[in-house]
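Letter by letter, the chains look like this.
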Amino acid sequence: MRNTHPCKLVVIISEAAIEDPLAADVMRLGAHGYTVSDARGQGSHGPRSALWGADKSIRMEILCDGETAGAIVEHVEKAYFRNYAMVAYVADVGVLRPDKFQHKA
Amino acid sequence: MRNTHPCKLVVIISEAAIEDPLAADVMRLGAHGYTVSDARGQGSHGPRSALWGADKSIRMEILCDGETAGAIVEHVEKAYFRNYAMVAYVADVGVLRPDKFQHKA
Amino acid sequence: MRNTHPCKLVVIISEAAIEDPLAADVMRLGAHGYTVSDARGQGSHGPRSALWGADKSIRMEILCDGETAGAIVEHVEKAYFRNYAMVAYVADVGVLRPDKFQHKA
Amino acid sequence: MDAIPLFFALGFAARLTRSDLKIPAQLYEALSIYLLIAIGLKGGMELARQDALHILPQAIAVIGMGLLIPLLAFPILYKLGRLDRFNAAAIAGHYGSVSVVTFAVGVDFLIARGVEFETYLPLFLVLLELPGIAVGILLARMGGDWRSIRWGTLAHEIFLGKSMVLLGGGLLIGWIAGPKGLAPLEPFFFDLFKGVLCLFLLEMGLVAASQAGALRTSGAFLVGFAIAMPVIGALVGIAFALGIGLSAGGALLLATLASSASYIAAPAAMRIAVPEANPGLSITAALVITFPFNILVGIPLYNVLVGLAYGS
Amino acid sequence: MDAIPLFFALGFAARLTRSDLKIPAQLYEALSIYLLIAIGLKGGMELARQDALHILPQAIAVIGMGLLIPLLAFPILYKLGRLDRFNAAAIAGHYGSVSVVTFAVGVDFLIARGVEFETYLPLFLVLLELPGIAVGILLARMGGDWRSIRWGTLAHEIFLGKSMVLLGGGLLIGWIAGPKGLAPLEPFFFDLFKGVLCLFLLEMGLVAASQAGALRTSGAFLVGFAIAMPVIGALVGIAFALGIGLSAGGALLLATLASSASYIAAPAAMRIAVPEANPGLSITAALVITFPFNILVGIPLYNVLVGLAYGS
Amino acid sequence: MDAIPLFFALGFAARLTRSDLKIPAQLYEALSIYLLIAIGLKGGMELARQDALHILPQAIAVIGMGLLIPLLAFPILYKLGRLDRFNAAAIAGHYGSVSVVTFAVGVDFLIARGVEFETYLPLFLVLLELPGIAVGILLARMGGDWRSIRWGTLAHEIFLGKSMVLLGGGLLIGWIAGPKGLAPLEPFFFDLFKGVLCLFLLEMGLVAASQAGALRTSGAFLVGFAIAMPVIGALVGIAFALGIGLSAGGALLLATLASSASYIAAPAAMRIAVPEANPGLSITAALVITFPFNILVGIPLYNVLVGLAYGS
Ligand SMILES: Nc1ncnc2c1ncn2[C@@H]1O[C@H](COP(=O)(O)O)[C@@H](O)[C@H]1O
Ligand SMILES: Nc1ncnc2c1ncn2[C@@H]1O[C@H](COP(=O)(O)O)[C@@H](O)[C@H]1O
Ligand SMILES: Nc1ncnc2c1ncn2[C@@H]1O[C@H](COP(=O)(O)O)[C@@H](O)[C@H]1O
Ligand code: NA
Ligand code: NA
Ligand code: NA
């Protein structure tokens, strides 16, 4: 589409308990921003119904270039997948202002 | 991207009233999990502003293989499209652990 | 996938303050509907933690044909990007009933 | 003047003028949880003071009334209004069930006027919640495809819907705990009741006005029905009250229950059980017309009718 | 010691030390809905006891004060502070409008000291909400591009913003229902008021501290303005109070209103009407500096000033 | 009968029968914020009436008790139950810390029976929140990989977790403001307390039942542990109470604290500090078994034990 430039979208769904460390990691790895929504669901760790504190999930999405996306995906895989309920996926999208999402120097 | 494998993402937006039956159907059709967020919006059934119970919407997303995605989309089309406010779409994404999302035997 | 037809998905993340004007613009530009969720996050305008009114963000997604997607993206760019915290992206997805999302005459 | 209709009017006006006033969804739920428990507790506490044998025949009659009302409403909607079976049955089910908030306004009406009533009436509220919905569903499925019904889901939706659980559970707790056990809960569940009710009515006004647009498409028949049906219901209620020997205050409350239409339990149940019905129609009738009609005009009117019937 | 500033301090400290304490967003909204209605009801109830003719000239003078204050603030920000027109006008609008919570703390200050005041002062709170915002918007648009303004959206945002609707609606309901109609609402809307206010101040502390980082970038001028402007406002308020013949208690409240800056209605309106202004600047000034300054230092200080002016 | 266990039972039954009843997440948080502040305020207010020197040695002993209990629990879990180090340590940490709601139920138990107790006991609640968690974390990391711990995050999670901030902050505010400063807050923070507690127990019942499925996989040992450990804890609590010279009422509360397991602060801290532990295990033990056991059976049982120990 006119005006849009290719960009990666990384989505991470995990336990609300790690929202803050996750966000810090993502920014440290070069992302310029992220967006979080509350979520609930089910997966290999059973249902997470967001009925109370320990049971809440979040959905974080990050627009970034391919390099950063790779770094984020690799890091969360190593740091969180073993011990936390979590899924992550990456998609190709188009953004308006590509410079806004390029790796921080 | 290194590490990621192709996977389907199915997103269903519909009335909150059918969250539980929808989730049960999705799991029965072979998905290993799903994620739900609260939503509001507007469509052919008019505005749904989430002001109160009957007016709430949900956004459910399911990572799964193509076969399951097809089954889910076909099922919701048959079971819900006629009588409920609903849209659904499918996207191609990349996931880290493809086995986590393959059709349950 | 069988049954699905190509469609554009536009996602806009911005300040909750402009939810209503944004929704009105999107419908005026030819979309048949939209879906909104509450969000929080961080970007070039600093953190937006949704702690209180002025600090809330929303995530709006619109399924539409390419023409409408282009019009929406162009309009939000002109009308909002300068003065509001905002990102937008466009993705290719597949929908069940393509006519539901084609430009309003 | 009483504040309750004023709060409803404020919410209605705010929405009509497109104010950005919103009651957060979870506050709305919190208020309704509170109201349901509080009404249940109050009724259960009073029940603990009663002789169960005395009430049993009354209770059975009241359930009969709950079965009867949708059977009166259905032919009006189906034959006279020419609605399709699904919509006629779903709307009939809404009117067979009851509105908790309308009941609370009725109680408040009596208290403000110092009129006595049988304090165990919340029991009837609980008993009337389900039968009307069940009849509505059966009417929808008659001659149709019974197999497509998810009976399990449906039974759950009805018997274990949150309003039944909170109202019935509150009743049970109030009954077991008794006045002494509930004393420390009074400041929270009883003293605050009317204030919370006002907030809830503000929200109801907002919701009613947000649905008011549907009036244009729903047609004059539905509007007429949503005004006539509560009056018919109230007359039925007064007749039953006379039959089972309630006081004039009790008769007003039974009339209020009979006249009111559910907009919490019934819509949720019908959406699962009769998905073919257009929820916009029943909500317009029950919430946009009947609810304010009852609050503003109905209850005082039924009070006059009770006066005539009871010769006072 | 009074608990109110302590709750603010707790919230502020919790956030500064990066505690994970959060007030859920919908609880925050619920608390603010409650406070706005309660203040409105109280004021309306007292209004019902007054002679409207007596209050009318006072009310007109108070609106005049609301128009005047942003006209005082604007040149300070624009000429002295060298802010651009948009930011200067937006900030001036915030200071022209008022803070409901600061007013509530002022009322509490008087009650705790047993000082009498004109009980209809919440009316002035309602009257002062809008004029300052309107002047701020006009200042921003002067010599600029008037056509880009969405007047419709804007008028709605201001006149039908939720704080106007709840405050004004509460006032109206309180006025119509009167003391007798409100009596059953007292346990909810009046007895709980101060407790709810404390919770709200906890949240305000959290929010203020979360914005405190902006202090580093906003510059020393803005900090100075956010301390000097409330004092200037208070002096204007005392002068008007003398002019319209308020009691010393009433004078303190008018000074408090004049000194306070809006951080609920004004930010929402300015975000639509003057999007070119950086919302971080006005919020830092109004919420991070002026609000705690008024609560901790300002109100006692204005009380001394009132004492001097009223010779008591 | 007391209403508190009835509300828990209602929630539990509702969930087991798969009712759609849900307490909105933000209402749950609002209730817990309220309870934590209210308990803190109450304790702080009473603390203001005490002689600090008298309490200091008691406070030190109580912290010692908090360090001791997880050291008793760990070998049972690790040696006897053959759980891995991470899970054994995490569960031990939950039992070392305390449950605020169990404490509140204990207080209510005494008040309902007119038994006196040292009114500053909420101070011990605050003091017991952390040591057990800290010991649990150290046990998990012993002989392991200390470097992987994010000490900063962890210290924050523990010391500045929201329950510490609200409880400790409430205590401080209550202490500074004193009985006079808190008087206007009484209708909100004290009169409503028990009603709010009931709503919270309804939610606890829902949550406990939603986790009950985990019982099948957690094994008989864990069930036994979750019943035996609170009794062991209670005995330790009574011994300490005798040692530091508490009254019989105070002894019951210390026993209740010692017997209770944390399910708010500890799970949050352990999720960050010992992510290798399966949170399902500790929550099943603490919330599904120990919590209802304490509420329904434990507290009356410990009261008998206190009677024996105190010879009354
Ligand atoms: N196949 C899936 N599709 C969408 N979301 C999923 C899927 N699997 C897991 N999730 C989400 O990720 C969370 C953690 O997943 P898990 O680690 O598999 O328990 C779940 O609670 C869901 O919210
Ligand atoms: N074009 C669209 N783009 C995004 N969401 C939509 C769209 N159309 C409908 N929706 C969402 O799906 C719900 C039901 O749609 P409908 O059945 O068209 O009323 C709406 O309330 C919206 O939340
Ligand atoms: N790189 C990003 N990825 C995902 N969301 C973002 C990103 N950058 C910004 N956002 C979201 O968009 C909002 C406004 O962005 P900004 O205008 O950059 O401050 C932020 O508060 C985030 O919620
Ligand atoms: Na009825
Ligand atoms: Na002002
Ligand atoms: Na313990």
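Residues numbered from 1 in each chain as written. Chains lettered and ligands numbered in written order. Predicted model: local features only at pLDDT ≥ 70, side-chain atom pairs only at ≥ 80, totals over all residues. Heavy atoms only, no water.

### Quick word on the packing of aromatic side chains
Applied cut-off: Classification of ring pairs rests on two measures: the distance between centres of Phe, Tyr or Trp rings, Trp counted by its six-membered ring, which must be within 6.5 Å, and the angle between planes, read as stacked under 30 degrees, edge-to-face over 60 and tilted in between. Helix numbers and strand numbers start at the N terminus; a helix is a DSSP run of H or I with at least 4 residues, a strand a run of E with at least 2. Residue exposure (1.4 Å probe, protein chains only): buried if accessible area is under 20% of the type maximum, exposed if over 50%, otherwise partly exposed. Only lysine NZ and arginine CZ atoms are considered, and such an atom sits over a ring when it is within 6 Å of the ring centre and within 35 degrees of the ring normal.
Taken as a whole, this structure holds 41 aromatic pairs over all chains when the rule is applied. Ring centres 5.5 Å apart and planes at 65° place the aromatic pair E:F8 and E:F291 in the edge-to-face group. Note that E:F8 is positioned in helix α1 (residues 3-16) and E:F291 in helix α15 (residues 279-310), a separation of 283 residues in sequence. Owing to a relative accessible area of 4%, E:F8 belongs among the buried residues under this scheme. Connected via pairs of aromatic rings, a cluster forms that spans D:Y34, D:F188, D:F189, D:F193 and F:F7. Above the face of the D:F109 ring, D:R113 is positioned so that its terminal group lies 3.7 Å from the ring centre.

### Here's the deal with the site of ligand 2
This is how the line gets drawn: To be near a molecule or strand, a residue needs just one of its heavy atoms within 4 Å of it. Contacts described as polar in this section are N or O atom pairs within 3.5 Å, which, within protein, must combine one atom able to donate a hydrogen with one able to accept it, while residues neighboring in sequence count only if both atoms come from side chains. Here the open area of atoms and residues is found with the Shrake-Rupley method and a 1.4 Å probe, where only the protein chains shown may cover a residue.
Around ligand 2 lies a shell of 19 residues, among which B:S44, B:H45, B:M86, C:T35 and C:L63 are the nearest. At the site occupied by ligand 2, the surrounding residues belong to chains B and C. A distance of 2.8 Å separates an oxygen atom of ligand 2 from a polar backbone atom of B:M86. In the environment of ligand 2, a nitrogen atom lies 2.8 Å from a nitrogen or oxygen atom belonging to the backbone of C:L63. Burial of ligand 2 by the protein amounts to 99% of the accessible area it has alone, namely 480 Å².

### A word on the relation of the copies chain F and chain E
Stated formally: Overlaid copies result from least-squares superposition on C-alpha atoms, with residues included only where pLDDT is at least 70 in both. By the convention used here, residues are in contact when the closest approach between their heavy atoms is within 4.5 Å.
In screw terms, the move from chain F to chain E is a rotation of 120° and a rise of 0.0 Å along the axis, fitting with an RMSD of 0.0 Å. Here the symmetry operator amounts to a three-fold rotation axis. No C-alpha of chain F approaches the rotation axis more nearly than that of F:Q26, which lies at 4.0 Å. Both copies present different contact surfaces, since only 8% of the interface residues of chain F are interface residues in chain E too.

### Considerations on the pattern of salt bridges
All names here are of chain B. Worth spelling out the cut-off: A pair is scored as a salt bridge if a Lys or Arg side-chain nitrogen falls within 4 Å of a carboxyl oxygen belonging to Asp or Glu.
Evaluated as defined, the whole model comprises 36 salt bridges over all chains. The residue D25 makes a salt bridge to R28 at a minimum N-O spacing of 3.2 Å. Of this pair, D25 and R28 both sit in helix α1 (residues 19-28), three residues apart, which is roughly one turn of that helix. Accessibility expressed as a relative area gives 56% for R28, which makes it exposed.

### Here's the deal with unusual backbone geometry
Positive phi values are uncommon outside glycine, yet D:R18 reaches one of about 60°. Unusually for a residue other than glycine, E:R82 sits at a positive phi of about 55°. Among the structural elements, E:R82 can be located in the loop between α3 (52-80) and α4 (85-96).

### Comments concerning the packing of helix α1 (residues 3-16) of chain D against helix α11 (residues 193-211) of chain D
Residues and elements named next belong to chain D. Our working definition: To get an axis, a line is fitted to the C-alpha atoms, and for a helix only the part in contact is used. The angle between two axes follows their N-to-C directions and goes from 0 to 180 degrees. For any helix crossing, the convention is left-handed if the near helix is rotated counterclockwise from the far helix by under a right angle, and right-handed if that rotation is clockwise. Classes in brief: Ala, Val, Leu, Ile, Met, Phe, Trp, Tyr, Cys and Pro nonpolar; Asp, Glu, Lys and Arg charged; the others, Gly included, polar.
Viewed as axis vectors pointing N to C, α1 and α11 meet at an angle of 35°, and their least axial separation amounts to 7 Å. Between α1 and α11 lies a crossing whose hand is right-handed. From α1, A3, I4, F7, F8, L10, G11, F12, A14, R15 and L16 reach across to α11, where they touch K194, L197, C198, L201, L202, M204, G205, L206, A208, A209 and S210. Its residues assigned to classes, the contact of α1 with α11 comprises 16 nonpolar, three polar and two charged.

### Quick word on empty space enclosed by the protein
Basically, it comes down to this: Using only the protein atoms, space was sampled on a 1 Å grid; points where a 1.4 Å probe fits but cannot get out form cavities, open sets with protein on both sides within 12 Å along at least five of seven lines form pockets, and lining residues are those with an atom within 4 Å of a point. Grid points are joined across faces, edges and corners, and a volume is the space filled by probe spheres set on the points.
Summed over the entire model, instances satisfying the criterion amount to 10 cavities of 30 Å³ or more. Each pocket or cavity is described by its volume, and for the largest cavity that value is around 660 Å³. Around the largest cavity, the lining is made up of 27 residues, and of these D:L27, D:A30, E:L27, F:L27 and F:A30 lie nearest the centre. At the level of secondary structure, the elements contributing two or more residues to the lining of the largest cavity comprise α2 (25-47) and α11 of chain D, α2 (25-47) and α11 (193-211) of chain E together with α2 (25-47) and α11 (193-211) of chain F.

### Considering the coordination of the sodium ion (ligand 4)
Here is the rule: Keep in mind that water is not among the atoms, so a site may look incomplete; donors are the N, O and S atoms within 2.8 Å of the metal, or 3.2 Å for Na, K and Ca.
Protein coordination at the sodium ion (ligand 4) comes from D:Y95 (O), D:S97 (O), D:L257 (O), D:A258 (O) and D:S260 (O), with a distance range of 2.4 to 3.0 Å. For the sodium ion (ligand 4), the donor residues sit on a single chain with the sequence spacing Y-x1-S-x159-L-A-x1-S.

### Considerations on the arrangement of the chains
Over all C-alpha pairs, chain A and chain E never come within contact, reaching a minimum spacing of 9 Å. For chain C and chain F, which are not in contact, the least C-alpha distance works out to 13 Å.

### Structural notes on the coordination of the sodium ion (ligand 5)
All names here are of chain E. Around the sodium ion (ligand 5), the protein contributes the donor atoms Y95 (O), S97 (O), L257 (O), A258 (O) and S260 (O), which lie 2.4 to 3.0 Å from the metal centre. For the sodium ion (ligand 5), the donor residues sit on a single chain with the sequence spacing Y-x1-S-x159-L-A-x1-S. In this structure, L257 and S260 share a single accessibility class: buried.

### Overview of the confidence of the model for chain D
Applied cut-off: Note on scores: pLDDT gives the predictor's confidence for each residue, bounded by 0 and 100.
For chain D, per-residue confidence averages 92 on the pLDDT scale, and residues scoring 70 or more make up 96% of the total. Under the prediction, the complex receives an ipTM of 0.94, its pTM being 0.94.

### Comments concerning the nonpolar core
For clarity, the threshold we go by: Residues belong to one nonpolar core when they are buried, are Ala, Val, Leu, Ile, Met, Phe, Trp, Tyr or Cys, and are joined through side-chain atoms within 4.5 Å.
By size, the foremost hydrophobic cluster in this structure holds 381 residues, and its most contacted members are D:F189, E:F189 and F:F189. If we skip the residues at most four places from it in the chain, E:F189 touches D:F7, D:G195, D:C198, D:L199, E:Y34, E:I37, E:A38 and E:L41. Within the second largest apolar cluster, 33 residues are counted, among which are A:Y89, A:V95, C:L9 and C:Y89.

### Some words on the side chain of E:T256
All names here are of chain E. Locating T256 in the fold gives a position in helix α13 (residues 248-259). Of the residues examined, T256 reaches a relative accessible area of 1% and is grouped as buried. For T256, the side chain forms a polar contact with the main-chain oxygen of L252, separated by 2.7 Å. Residue contacts for T256: discarding those within four places in its chain leaves T102, F103, I299 and Y302.

### Here's the deal with the interface of chain F and chain E
In many analyses, interface size is given as the accessible surface area lost on bringing the parts together. At the interface, 26 residues of chain F touch 25 residues of chain E. Joining chain F to chain E, the criterion identifies zero salt bridges. When residues of the side of chain F that touches chain E are assigned to their parent elements, the largest contribution, 10 residues, is made by helix α9 (residues 162-182) of chain F. Here the side of chain F that touches chain E is built from residues that sort into 17 nonpolar, six polar and three charged.

### Notes on the interface of chain D and chain F
So the rule is basically this: Two parts lose some accessible area (1.4 Å probe) when they are put together, and adding that loss for both gives the buried area.
Contact residues are listed per partner, giving 26 residues for chain D and 25 residues for chain F. Among the residues of chain D in contact with chain F, D:Q26, D:I173 and D:F188 are the three that bury the most area, contributing 25% of the side total. Counting the contacts that link chain D with chain F gives zero salt bridges. There are four residue pairs in polar contact (both at pLDDT 80 or more) connecting chain D and chain F. Here the side of chain D that touches chain F is built from residues that sort into 17 nonpolar, six polar and three charged.

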